[in-house]
Number of protein chains: 2
Amino acid sequence: MSDPQLTDLERLREIQAEISDLGRARALLFWDERTQMPRAGHAGRAEQLATLVRVRHRLLASDELASLLERLTAAELPDSTDAATVRMGARDAEKARRVPAELRAEMARASSDGEHAWQLARESGDAAPFLPALRRNIELSHRYVECFDEVDHPYDALLDDYEPGARTASVKPLLAELRAGLVPIVAAIAANPDAVDDAPLRGRFDPLAQERAVKRVVAGLPLADGTWRIDPTAHPFATSISHGDVRLTTKYDADRLSYALYSSIHEAGHGIYESGIPQELRRGPLGRPPSLGFHESQSRLWENWVGRSGPFAASLLPILREEMPGRFDEVDPEALRRASCKAGPSPIRVEADEVTYNLHIALRFELELALFEGALEPAELPEAWTELTRSYLGIEPSGVAEGVLQDVHWAAGAFGYFPTYSLGNLIAAQLWELAADDDPALTTETSLGRLGPLREWLVEKLHHHAGTMLPAELADHVLGGPIEAEPLLRHLRARYGALYGFI
Amino acid sequence: MSDPQLTDLERLREIQAEISDLGRARALLFWDERTQMPRAGHAGRAEQLATLVRVRHRLLASDELASLLERLTAAELPDSTDAATVRMGARDAEKARRVPAELRAEMARASSDGEHAWQLARESGDAAPFLPALRRNIELSHRYVECFDEVDHPYDALLDDYEPGARTASVKPLLAELRAGLVPIVAAIAANPDAVDDAPLRGRFDPLAQERAVKRVVAGLPLADGTWRIDPTAHPFATSISHGDVRLTTKYDADRLSYALYSSIHEAGHGIYESGIPQELRRGPLGRPPSLGFHESQSRLWENWVGRSGPFAASLLPILREEMPGRFDEVDPEALRRASCKAGPSPIRVEADEVTYNLHIALRFELELALFEGALEPAELPEAWTELTRSYLGIEPSGVAEGVLQDVHWAAGAFGYFPTYSLGNLIAAQLWELAADDDPALTTETSLGRLGPLREWLVEKLHHHAGTMLPAELADHVLGGPIEAEPLLRHLRARYGALYGFI
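Rules of the game
- Residues numbered from 1 in each chain as written.
- Chains lettered and ligands numbered in written order.
- Predicted model: local features only at pLDDT ≥ 70, side-chain atom pairs only at ≥ 80, totals over all residues.
- Heavy atoms only, no water.
- Helix = DSSP H or I, 4+ residues; strand = E, 2+ residues; numbered from the N terminus.
- Rg over C-alpha atoms; globule rule 2.2 N^0.38 Å.
- Buried < 20%, exposed > 50% of the residue type's maximum accessible area, 1.4 Å probe, protein only.
- Contact = heavy atoms within 4.5 Å.
- Pairing = 2+ DSSP bridges.
- Axes fitted to C-alpha atoms, helices over the stretch in contact; angles between N-to-C directions.
- Least-squares fit on C-alpha atoms with pLDDT ≥ 70 in both.
- Buried area = accessible area lost by both parts, 1.4 Å probe.
- Salt bridge = Lys/Arg side-chain N within 4 Å of Asp/Glu carboxyl O.
- Nonpolar A, V, L, I, M, F, W, Y, C, P; charged D, E, K, R; others polar.
- Domains from an automatic or database assignment.
- Polar contact = N/O pair within 3.5 Å; in protein donor to acceptor, adjacent residues only side chain to side chain.
- Parallel < 35°, antiparallel > 145°, perpendicular 65-115°, else oblique.
- Left-handed = near helix turned anticlockwise from the far one by under 90°.
- Phe/Tyr/Trp six-rings, centres within 6.5 Å; stacked < 30°, edge-to-face > 60°.
- Expected span 1.5 Å × (residues − 1).

Q: Explain the overall build of chain A to me, please; I cannot follow it from the model alone.
A: When helices and strands are tallied, chain A shows 20 helices and three strands. By the compact-globule yardstick of 23 Å for 503 residues, chain A fits well, its C-alpha radius of gyration being 23 Å. Taken along its principal axes, the extent of the C-alpha atoms in chain A is 70 × 50 × 50 Å. Taken across its 503 residues, chain A has 58% of its residues classed as buried. Residue pairs at least 24 apart in sequence account for 73% of intrachain contacts in chain A once pairs closer than 6 positions are excluded.

This is the structure we're talking about:
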């Protein structure tokens, strides 16, 4: 079927481009399902998605691709991009070939069944009917781990899907250090809870007015006209369909303006990263950020470091005043900034502030480790969740929807995903310090419409590397060393110390 | 890669389901490009679409599928659905294998280049820069025809892509008979042009009000809630993504209400047909209407026979009055019906009334035949177009955008497509007479919200057969014989004779 005139490298790029296109097509079907699809389209869509995944996987695990990669690896190509294409392509193909097709199919089915069981359990307010699906996902994940018999820790194989090359042995102490550093900050905030007033962002906000405001906010971020759109959905996400096509989503909650505002900035951060990937790398294994941790670093940087800054609040206020007449007349920029930085323990991860957020992750990470080290049974999970919430956040979940059933990840069989959220926060903090060192204006001139220089710095520093290195290599190259906890703790102590009066 | 436990028939269905899913995924990417995509997504989308087409074609032309079909054909399966699956599947696979991959790729490129050249030529108002691309498309179509060396007439191979099994030898006299029958009707209308006043549908109409009205109209057609949506686009079309997921499109022209109204009913007709395809046939070669002609019969039936009827106008009027306050106060149902039936020569096919429409098709069909019989050079096309317009419609196109450049079909290399529009009109007329014979109420109770029985009759009569037969077989089965010109002529004489006073 292939043209005999092609060199190995040309043929490799051809196959990789098809693999990439099938992945992007899948991303579009996923986006469409969550933002546009008539509701009766579900059954058909599930089949279409499964087919795209299967056909893509077949290409990735094909003997032809494996032989090409073997020959090209042996050839030790001189060009660094070619060499990286072969190296990362071989990593993807090898992982695809390790896992038998039947196991993949079973995992896909169990994931889909698990999401369904999760939905039902949430509606009934009882975790019990969800436990068999959870147990099944864990069993299958154990079988998945066994396909990678060289790992040091079973959790390593899971982590690797989201944070390639990361090891439990290094993530565990890093997140433990972060947690230890957070405890006194959270305690200090809890001691003075009324220091920050978030009244300006509470109350009723017309969803249509929110939508108009959000579109103006995103238009003021450094995303080029005609390259993005934003739509409402149940659980916000961002996805990139091609170089000039980024899809953001958000949710307009009539009772809270902050949710749509900051989730939009967050998703736009993901989009800005994708837009910075060089076009010529897009259709191949290098054409994406190297890990979820790095991806999350960009969403967090725009959401928290930019979006909750003083200059940003000052530029946001006129938009809110225009779109919600009368509503913000008595609010000044500093009051808006303070409201956007309200912190304190709350039961739901996706609604948590930037300080307590990482304790939600610590809780999930510890439970996942315990599950895969065999120290915890799935049936013990709801109780263990409640206990850790009490211990880390000092609060009591009101039910399983605020407890073990609040996230879909485990229902979908995605273990090893959660720690990447905290890694993203850590990387963002390190990047912010580097930007301030390079040019303080990058971190102080953060008003809407004036963020081009920060984007350019990020493209130059991080985005243009795309997926040419493994996360740890990229950290060395970009951050000058491994991911660290201290820069994030410094940021949180400085910002929240000032707000809550503990510095 | 395939499970050795599967029977040949099971494995056939598995491959066919993948082929179907890839086709539907492509349809969604196409729909998205025309209704949702940020404009900078074009380059990436073109690559993604090409990949889906290529991967799908590879499955369809695969040796594995060919051997399965050969064995299953020899097995003469007793079940009629199984046998039809094998027969239609073998037809699709055989056609795919006849055409070399390079020719397909060249045609795809020439089609894309042709659309681009067409766009530029339209903008410049000069057909000349478009002619090389047109010549290229014709050359490649000739090479395509040569892949099917058993055809009686070169045009047969082209026709077959849209109307499987149809022959030039039978379509030509049928459309000639239609044209001959239309001439006196058009002349009689032209003799009394002011008999019908379309003032109620002319003037300025707020596009947002049009959109609200159109959504209510489509909701009153027999499409189930949660199975469809309608979006604005440049050139309206309908597509079906899965059993419960129909996507309609329309265009809101501020100067004409009729365009959005009747194009929406037209596209909804396509959607109603797709919704009537049995779900269990969807993911395979039987899971679609057997031809474009049959597909068009349904869009036309809903647009012209239902949509331009008196009861329909009476049920439409309250919607228009509510959505466009004041605008329709002086209009009664009969005036609205008459306005919707305004006829007379006009230069643009997609804006033509149901009488002159078929003369637009006759013109294109004759020019296509002349091109493929070698009687006409591409360079002579603009002039030949003008001449035939003069001869058939008695009018002069004001420029190439109203002439040879008005449709994208030839630019995209789609020859053999146009006649299916007239075949659709003919089939619709035959079906309407059958419905009236079965139960007159089906054709007289045509108000919005009361069209369920007509849909049920069509599902029972036509839709549920899906693609189990070739169009000629389906015509025999459903219409009781071949497609005929007289029923359509009877309908046009009756309706327009009454309106224009020539009966």
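There is more to say, and it comes next.
Q: Hey, could you run me through the sheet that holds strand S1 (residues 228–232) of chain B in this one?
A: Pairing between sheet strands relies on hydrogen bonds along the backbone, with the strands arranged either parallel or antiparallel. Residue and element names in this part refer to chain B. The three strands lie next to each other as S1-S3-S2, forming an open sheet whose pairing is mixed. Edge positions in the sheet fall to S1 and strand S2 (238–242), since each has one partner strand and no second. In this sheet, adjacent strand axes meet at a mean angle of 20° when their direction is disregarded. In the sheet, S1 pairs with strand S3 (residues 245–250) via five bridges, with the strands oriented parallel. Paired with Arg-229 across the bridge in S3 is Arg-247. Of the strands in this sheet, S1 and S3 are in contact with helix H9 (residues 207–219), which crosses S1 at around 155°.

Q: Can you help me understand the relation of the copies chain A and chain B in this one?
A: To go from the first copy of the chain to the second, apply a rotation about an axis and then a shift along the same axis. For the pair chain A and chain B, the best superposition has an RMSD of 0.0 Å and corresponds to a rotation of 180° with a translation of 0.0 Å parallel to the axis. In the structure described here, the two chain copies are related by an operation that fits a two-fold rotation axis. Of the C-alpha atoms belonging to chain A, the one lying closest to the rotation axis is found on Ala-25 of chain A, 3.7 Å away. Interface residue correspondence from chain A to chain B reaches 100%, placing this contact among same-surface, isologous pairings.

Q: Explanation requested: the interface of chain A and chain B in the structure shown.
A: Interfaces are often sized by the accessible area lost when the parts come together. Each partner contributes to the interface: chain A provides 38 residues, whereas chain B provides 38 residues. For the chain A and chain B pair, buried surface summed over both sides reaches about 3200 Å², with 57% attributable to carbon and sulfur atoms. Between Arg-283 of chain B and Glu-47 of chain A there is a salt bridge whose closest N-O contact spans 3.4 Å. Among the elements that line the side of chain A that touches chain B, the one with the most residues is helix H2 (residues 42–60) of chain A, at 10 residues. The residue makeup of the side of chain A that touches chain B, split by class, is 15 nonpolar, nine polar and 14 charged.

Q: Honestly, the pattern of salt bridges in this entry has me stumped. Any pointers?
A: Counted under the stated rule, the structure contains 90 salt bridges over all chains. Between Glu-486 of chain A and Arg-493 of chain A there is a salt bridge, and its shortest N-O distance comes to 2.9 Å. Judged by its relative accessible area of 27%, Glu-486 of chain A is partly exposed. Residue Arg-136 of chain B pairs with Glu-139 of chain B through a salt bridge whose shortest N-O separation is 3.6 Å. Of the two residues, Arg-136 of chain B and Glu-139 of chain B are both situated in helix H6 (residues 131–146); the distance of three residues between them amounts to about one turn of the helix. The exposure class assigned to Glu-139 of chain B is partly exposed, which follows from its relative accessible area of 41%. Three or more residues joined by partner-sharing salt bridges are found here, namely Asp-32 and Arg-45 of chain A together with Asp-245 and Arg-247 of chain B.

Q: Is there a simple way to think about the domain arrangement of chain A in this case?
A: Residues and elements named next belong to chain A. Assigned domains within chain A: domain 1 (8–152) and domain 2 (185–353 + 420–500). For domain 1 versus domain 2, the separation of C-alpha centres amounts to 28 Å. Facing 20 residues of domain 1, the contacting portion of domain 2 comprises 24 residues. Each partner contributes to the roughly 1800 Å² buried at the junction of domain 1 and domain 2, and carbon and sulfur atoms together form 56% of this total. Ranking the residues of domain 1 by area buried against domain 2 places Arg-24, Trp-31 and Met-88 at the top, with a combined share of 34%. Our enumeration of links across domain 1 and domain 2 arrives at three salt bridges. A salt bridge links Asp-92 to Arg-288; the shortest N-O distance between them is 3.1 Å. At the junction of domain 1 with domain 2, the criterion picks out eight residue pairs in polar contact (both at pLDDT 80 or more). When residues of the side of domain 1 that touches domain 2 are traced back to their parent elements, those giving at least two are helix H1 (8–35) and helix H4 (80–98). Taken together, the residues of the side of domain 1 that touches domain 2 break down into seven nonpolar, seven polar and six charged.

Q: Which parts of the structure should I look at to understand the packing of H1 of chain A against helix H1 (residues 8–35) of chain B?
A: The description of two helices packed together rests on the angle between their axes and the distance between the axes. Look at H1 of chain A against H1 of chain B: their axes get within 10 Å of each other, and the N-to-C directions meet at 70°. Viewed along their axes, H1 of chain A and H1 of chain B adopt a mutual orientation that is roughly perpendicular. The two elements H1 of chain A and H1 of chain B meet at a crossing, and its hand is left-handed. Contacts from Leu-22, Ala-25, Leu-28, Leu-29, Trp-31 and Asp-32 of chain A of H1 of chain A reach H1 of chain B at Leu-22, Ala-25, Leu-28, Leu-29, Trp-31 and Asp-32 of chain B. Here the residues of the contact of H1 of chain A with H1 of chain B are counted per class, giving 10 nonpolar, no polar and two charged.

Q: Could you clarify how one ought to interpret the environment of Arg-98 of chain A in this entry?
A: Residue and element names in this part refer to chain A. Relative to the assigned elements, Arg-98 resides in helix H4. A polar side-chain atom of Arg-98 sits 2.7 Å from a polar atom in the side chain of Glu-94. A polar atom in the side chain of Arg-98 sits 3.1 Å from the backbone oxygen of Cys-147.

Q: Explanation requested: the packing of aromatic side chains in the structure shown.
A: Centre-to-centre distance and the angle between the planes together describe a pair of aromatic rings. All names here are of chain A. One pass over the structure, following the stated rule, counts 26 aromatic pairs over all chains. Ring geometry for Phe-30 against Phe-237: centres 5.2 Å apart, planes inclined by 80°, an arrangement best described as edge-to-face. Taken as a pair, Phe-30 in helix H1 and Phe-237 in the loop between strand S1 (228–232) and strand S2 (238–242) lie far apart in primary sequence, 207 residues in all. Owing to a relative accessible area of 26%, Phe-30 belongs among the partly exposed residues under this scheme. The class of Phe-237 is buried, set by a relative accessible area of 13%.

Q: I'm lost on the sheet that holds S2 of chain A in this one. Help?
A: Residue and element names in this part refer to chain A. Pairing is mixed in the open sheet, where three strands are placed in the order S1-S3-S2. The sheet is open, and its two borders are formed by S1 and S2, each paired with just one other strand. In this sheet, adjacent strand axes meet at a mean angle of 20° when their direction is disregarded. Each of S1, S2 and strand S3 (245–250) is contacted by H1, which is oriented at about 135° to S2, the strand it contacts most.

Q: Help me out: how do you make sense of helix H8 (residues 168–191) of chain A in this one?
A: The α-helix advances 3.6 residues per turn, and as a result positions three or four apart in sequence lie on the same side. Helix length check: H8 of chain A, at 24 residues, gives a terminal C-alpha distance of 34 Å against a target of 34 Å (1.5 Å per residue), a fit within 8%. Taken together, the buried residues of H8 of chain A touch helix H7 (154–160), helix H14 (357–372), helix H16 (419–438) and helix H20 (486–500) of chain A.

Q: It is not clear to me how the pairing of S3 of chain A should be interpreted in this structure. Could you clarify?
A: Moving residue by residue along a regular strand, the side chains alternate between the two faces of the sheet. Residues and elements named next belong to chain A. Most of S3 sits inside the fold, with six of its six residues counted as buried. Side chains of S3 alternate between two faces, with Asp-245, Arg-247 and Thr-249 and Val-246, Leu-248 and Thr-250 buried alike. Of the strand pairs in this sheet, S2 and S3 are connected by four bridges, and their pairing is antiparallel. Bridge pairing in S3 places Ser-240 opposite Val-246. The antiparallel pairing of S2 with S3 creates a hairpin that spans two residues between the two strands.

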